[in-house]
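Survey of secondary and tertiary structure
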Amino acid sequence: MRAPTLPGTLVSRGVCGSVLLLLAGLVLNELPPSPVRFLVAPLQWLGTNAPGRFLALVVTLIGVALLTHAWVSLVRAPAEGSADERVRHVRAVTMRWLAPLLIAPPLFSHDGWSYMAQGAVAASGRDPYTISPGEMPELLTSMVDPIWRYTPTPYGPIPIIWGALTREAFGDPTLLLLLQRVPALIGLALTAWAVPRLARHLGIDPARATALAIASPFVLVHAVGGLHNDALVMGLVAAAFVFAAERRWVIGVVLVGLAAAVKFTAVVAVVPVVLVSLPGAVRVPGRFVRLAAGGLIAAATVAASGIPYGLGLGWVKVLSVPGVVVTPASAPTAVGVVLEWLLAQTGSGLEMYAVPVVRSLGMALAVALVIVLALTRPTGDLKAGLATCIGVFAAVVLLAPVVQSWYALAVVPAAALLLLERRRTCRALFLGAALAFLAPLDSEMAGGSLLAAGLVVLGLTIVRAVRAGDSRPVADA
């Protein structure tokens, strides 16, 4: 059997793209006082003027273009060698592409600084669910986004504990910041482990599925470059599906509980994981019992995860904190803002209630949709479970008060597997590339890239539906 080979230019293109992102990131992101800041002082100086920042943005887009070109080539590479060899090859290539990003400052988001500062609050013995990062030393909080600097953390115990452990072990802010990438890398590793196994269950090429899921520029830019906690959620949920498909549902639900201990919205993954673990055609009473048991196990896992630092469930009371941001991808927020303006024209004084009420209705609708999916979707079917996973996350994310494009990381494995299984690789490539190119603008667009991606999917769906009505045969992408 011939070992798989890939052109050296394919690997080098991706590495060059990541290096350009690293260099642009050093221009666009200020660093705290440290030896590293002294070493990159010329790049930091460029970031102090408009022409320099514009040049960095151009370099960023070139870097994303190189990564995207390399990713498309990797996905479409000829199938040489055994499936296991090709999966290992994809993982090795991805490792090379992401290596430069490991030492980059947080790209297109300041969340990494928030993770570091919130961990420092816990390490100081104070409650991060009541104490804001702004009450910590300036060196640790200077780069936290002003919106979050004086709010308690809405994250679960796991990222807080990791931040506290690193703070207790190290003092240098730059090192502390880079260590916040470890949870994201664990999530990426779990995804790289889980996706080939799920692909084999579905009877599709595991190497191509792995390339779609972990080597995407969208994943590399947001999960590794942006060091978002959503990457760990992605990996834990993907791994949970592996155990669900093998009917080891308790382990799967525990993994979902750990994901919920990172970001609470991940708890909805209990529904598809439990449905996959059940035999086929289980009626409502049977699935209700298993779902209730799964929910209790997940909740116990979340509660237990906070024990090391006595965090408990205090974070539940601050889940509304992200709602201070207005994002166009949040349908309830958009509707609420329009309604607020209309009520303001009437002089009734009711405009102040518009956004909170519509947001509450949106969350109620999201819960209702999750319940409907739990009681009506097929059981014992991995493909249906992956589709349900996308459905429940779409419900609680798109109907949430705030939406950002990196929230989509949680469903990347499921989407990659389903699109590949349905031979819609072109659609997966186009969507991944579009999200990656919009990522550099995300801080200004406030989640607009996810809205744009949704409009693209909607447009493609409408076009496909129209074409399906024609009598002429249509080739699937």
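Quick caveat: nothing in here was measured; it's all calculated off a predicted structure. (Residues numbered from 1 in each chain as written. Predicted model: local features only at pLDDT ≥ 70, side-chain atom pairs only at ≥ 80, totals over all residues. Heavy atoms only, no water.)

With that out of the way, let us pick up the pattern of salt bridges. Within the structure shown, the criterion is met by five salt bridges. Close ionic contact of lysine 263 with aspartate 230 constitutes a salt bridge, the shortest N to O distance being 3.1 Å. Separated by 33 residues along the polypeptide, lysine 263 in the loop between helix 15 (249-260) and helix 16 (270-277) and aspartate 230 in helix 14 (residues 230-245) bring together distant segments of the chain. When its relative accessible area of 15% is taken as the criterion, lysine 263 is described as buried. Residue classification places aspartate 230 among the buried residues on the basis of a relative accessible area of 5%. (Salt bridge = Lys/Arg side-chain N within 4 Å of Asp/Glu carboxyl O. Helix = DSSP H or I, 4+ residues; strand = E, 2+ residues; numbered from the N terminus. Buried < 20%, exposed > 50% of the residue type's maximum accessible area, 1.4 Å probe, protein only.)

This paragraph deals with empty space enclosed by the protein. The tally for this structure, following the rule as stated, stands at two cavities of 30 Å³ or more. Quantified by volume, the second largest cavity comes out at close to 40 Å³. Lining the second largest cavity, in full, are Leu198, Val237, Ala238, Phe241, Leu386, Cys389, Ala410, Val411, Pro413 and Ala414. Mapped by element, the contributors of at least two residues to the lining of the second largest cavity are helix 14, helix 20 (382-398) and helix 21 (412-421). Partitioned by chemical class, the residues of the lining of the second largest cavity number 10 nonpolar, no polar and no charged. (1 Å grid on protein atoms, 1.4 Å probe; cavity = no way out; pocket = protein on both sides within 12 Å on 5 of 7 lines; lining within 4 Å. Points joined across faces, edges and corners; volume = space filled by probe spheres on them. Nonpolar A, V, L, I, M, F, W, Y, C, P; charged D, E, K, R; others polar.)

Moving on, we get to the environment of aspartate 230. When the C-alpha atoms of aspartate 230 and valine 262 are compared, they prove to be 8.0 Å apart, with 32 residues separating the residues in sequence. Excluding anything up to four places from it in sequence, aspartate 230 contacts Lys263, Trp406, Tyr407 and Leu409. One polar contact links aspartate 230 to lysine 263, side chain to side chain, over a distance of 3.1 Å. (Contact = heavy atoms within 4.5 Å. Polar contact = N/O pair within 3.5 Å; in protein donor to acceptor, adjacent residues only side chain to side chain.)

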